[in-house]
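This is what each chain is made of:
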Amino acid sequence: MSADTKIFLIGFMGAGKSSVGKKLAQSLHYRFIDLDVLIEKQQKKSIPSIFELVGEDGFRKIEQQALHSLKDESNIVIATGGGCPTFEKNMQWMNAHGKTIYLKCSIGVLFHRIAPQKKQRPLIANMDDVDIMDFMVTMLKERSKFYEKASFTVDGDGKVEMVCKRILDVM
Ligand code: S3P
């Protein structure tokens, strides 16, 4: 692995991008950035309130600006939001500026991780469990096309340490 690099973790909501990203950054002695947290700092607003103010389309533009603001960073692990790779050329941009790792999880694992925290996730905040499951099936099908363009795909089910080790083994 080259000394100067960016690692983008991608995958659906609940794939563990933030928790695995923190651990991976620690192991590599890299910095860690969560793109959603960076957006909240740059905009001085929470993700749900950004969605409320400018809708999903507005959020995607803000998210892209935040992503591009990391252009000159190096030795950094970046956890991206679940929809980030699907907007315009974000996936192409990430592949051109670093390595992308798709944390691929089974739908059951994703559901159990995101359903209890739906309030923080504006796309599913007002859905019941059945609607969340339907939404996930549809979105996963659409989004997989983008996620599968990643440099590496790693099984994201299981404990953070295990997933982190799988990443280190493939890189
Ligand atoms: C989104 C995922 C969220 C956040 C926003 C939109 C999505 O991030 O960016 O709520 O479109 O899947 P996480 O994947 O970290 O939950």
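Note: the structure precedes this text.
The paragraphs below set out a description of the structure included in this document. Every chain's residues receive numbers from 1 upward, in the order its sequence appears when written. Totals for whole chains, interfaces and linings use every residue, but because this is a predicted model, local features are given only for residues with pLDDT of at least 70 and side-chain atom pairs only at 80 or more, for both listing and counting. Computation of side-chain values covers all heavy atoms of the structure but excludes hydrogens and water.

**Digging into the overall build of the protein**
Stage number 1. What counts as a helix is a DSSP run of H or I of at least four residues, what counts as a strand is a run of E of at least two, and both are numbered from the N terminus. In terms of regular secondary structure, the protein is built from seven helices and five strands.
Stage number 2. Counting helices and strands in the order they occur from the N terminus, the protein gives β-α-β-α-α-β-α-β-α-α-β-α.
Stage number 3. Each of the three principal axes of the protein carries a C-alpha extent, and together these read 45 × 35 × 25 Å.
Stage number 4. Two residues qualify as a contact provided that any one of their heavy atoms is within 4.5 Å of a heavy atom in the partner residue. Within the protein, contacts between residues separated by at least 24 positions form 72% of all contacts whose residues are at least 6 apart in sequence.
Stage number 5. Total accessible area on the protein is roughly 8,700 Å²; 53% of this is exposed by carbon and sulfur atoms.
Stage number 6. Charged residues are defined narrowly, with Lys and Arg counted positive, Asp and Glu counted negative, and His plus the chain ends left uncounted. We put the charge of a Lys on NZ, of an Arg on CZ, of an Asp on CG and of a Glu on CD. Put simply, the protein has 25 plus and 21 minus side-chain charges, and the middle of one group is 4 Å from the middle of the other. Only the protein chains shown count as cover for residues, and the accessible areas themselves come from Shrake-Rupley with a 1.4 Å probe.

**Topic: the pairing of strand β3 (residues 76–79)**
Remember that side chains alternate between the two faces of the sheet whenever the strand is regular.
Stage number 1. For every residue, the accessible area obtained with a 1.4 Å probe (protein chains only) is divided by the maximum for its type, and the residue is called buried under 20%, exposed over 50%, and partly exposed between those limits. Side chains of β3 alternate between two faces, with Ile76 and Ile78 and Val77 and Ala79 buried alike.
Stage number 2. Summarising the sheet, strand β1 (residues 6–10) and β3 pair through four bridges and their orientation is parallel. The partner of Leu9 across the bridge, within β3, is Ala79.
Stage number 3. Pairing between two strands requires that DSSP report at least two bridges joining them. In the sheet, strand β2 (residues 31–34) pairs with β3 via four bridges, with the strands oriented parallel. Within β3, the position partnered with Asp34 by the bridge is Ala79.

**What to know about the site of the ligand**
Stage number 1. Put simply, a residue is near a molecule or strand once any heavy atom of it comes within 4 Å of that molecule or strand. Near the ligand lie 14 residues; those nearest to it are Lys17, Asp36, Arg60, Gly82 and Arg143.
Stage number 2. The contact in question runs from an oxygen atom of the ligand to an N or O atom on the side chain of Asp36, over 2.8 Å.
Stage number 3. Side-chain atoms alone can form a polar contact between residues adjacent in sequence; in general such a contact is a pair of N or O atoms within 3.5 Å, and within protein one must be able to donate a hydrogen while the other accepts it. Between an oxygen atom of the ligand and a main-chain N or O atom of Gly82, the distance comes to 2.8 Å.
Stage number 4. Protein chains shield 94% of the accessible area of the ligand, which is 390 Å² for the free molecule.
Stage number 5. The rule is simple: put a 1 Å grid over the protein atoms alone, call a set of points where a 1.4 Å probe fits but cannot get out a cavity, call an open set with protein on both sides within 12 Å along at least five of seven lines a pocket, and count a residue as lining if it has an atom within 4 Å of a point. Think of it this way: a molecule belongs to a cavity or pocket when more than half its atoms come within 2 Å of the grid points there. In this structure the site holding the ligand corresponds to the largest pocket.
Stage number 6. Only Asp, Glu, Lys and Arg are considered charged, only Ala, Val, Leu, Ile, Met, Phe, Trp, Tyr, Cys and Pro nonpolar, and every remaining residue, Gly among them, polar. Of the residues in the shell around the ligand, the class split is six nonpolar, three polar and five charged.

**Structural notes on the environment of Val137**
Stage number 1. On the secondary structure map, Val137 appears in helix α6 (residues 129–147).
Stage number 2. Sequence separation between Val137 and Gly83 is 54 residues; the distance between their C-alpha atoms is 14 Å.

**Section: the sheet that holds β3**
Stage number 1. Here five strands make up an open sheet; going across it, the order is β2-β3-β1-β4-β5 and the pairing parallel. Only two strands of the sheet have a single neighbouring strand rather than two, namely β2 and β5 (152–155). Averaged over all neighbouring strand pairs, the angle between strand axes comes to 25 degrees, with direction disregarded.
Stage number 2. Sheet topology places strand β4 (residues 99–104) next to β5; four bridges connect them, and they run parallel. Among the inter-strand pairings, Lys104 is bridged to a residue of β5, identified as Asp155. Under this scheme, a helix contributes an axis fitted over its contacting stretch, all axes are lines through C-alpha atoms, and angles between N-to-C directions fall in the 0 to 180 degree range.

**A few points about helix α4 (residues 90–97)**
Stage number 1. Buried residues of α4: Asn90, Met91, Trp93 and Met94, and no others. Along the long axis of α4, the arc covered by the buried residues comes to 160 degrees, so they all point the same way. Summarising the geometry of α4, the exposed residues directed more than 90 degrees from the buried face are Gln92 and Ala96. Throughout, the arc means the angular range of directions from the helix axis out to the C-beta atoms.

**Considering the layout of surface pockets**
Stage number 1. Grid points are joined across faces, edges and corners, and a volume is the space filled by probe spheres set on the points. Its boundaries defined by the atoms lining it, the largest pocket holds a volume of some 710 Å³.
Stage number 2. If you trace the largest pocket, you find 35 residues lining it, with Met13, Lys17, Ser18, Asp36 and Arg121 closest to the centre.
Stage number 3. For the lining of the largest pocket, the secondary structure elements donating two or more residues are α1 (17–28), α2 (35–43), α3 (47–68) and α7 (160–170).
Stage number 4. At six residues, the largest contribution of residues to the lining of the largest pocket is made by α3.
Stage number 5. The class makeup of the residues in the lining of the largest pocket is 13 nonpolar, 13 polar and nine charged.

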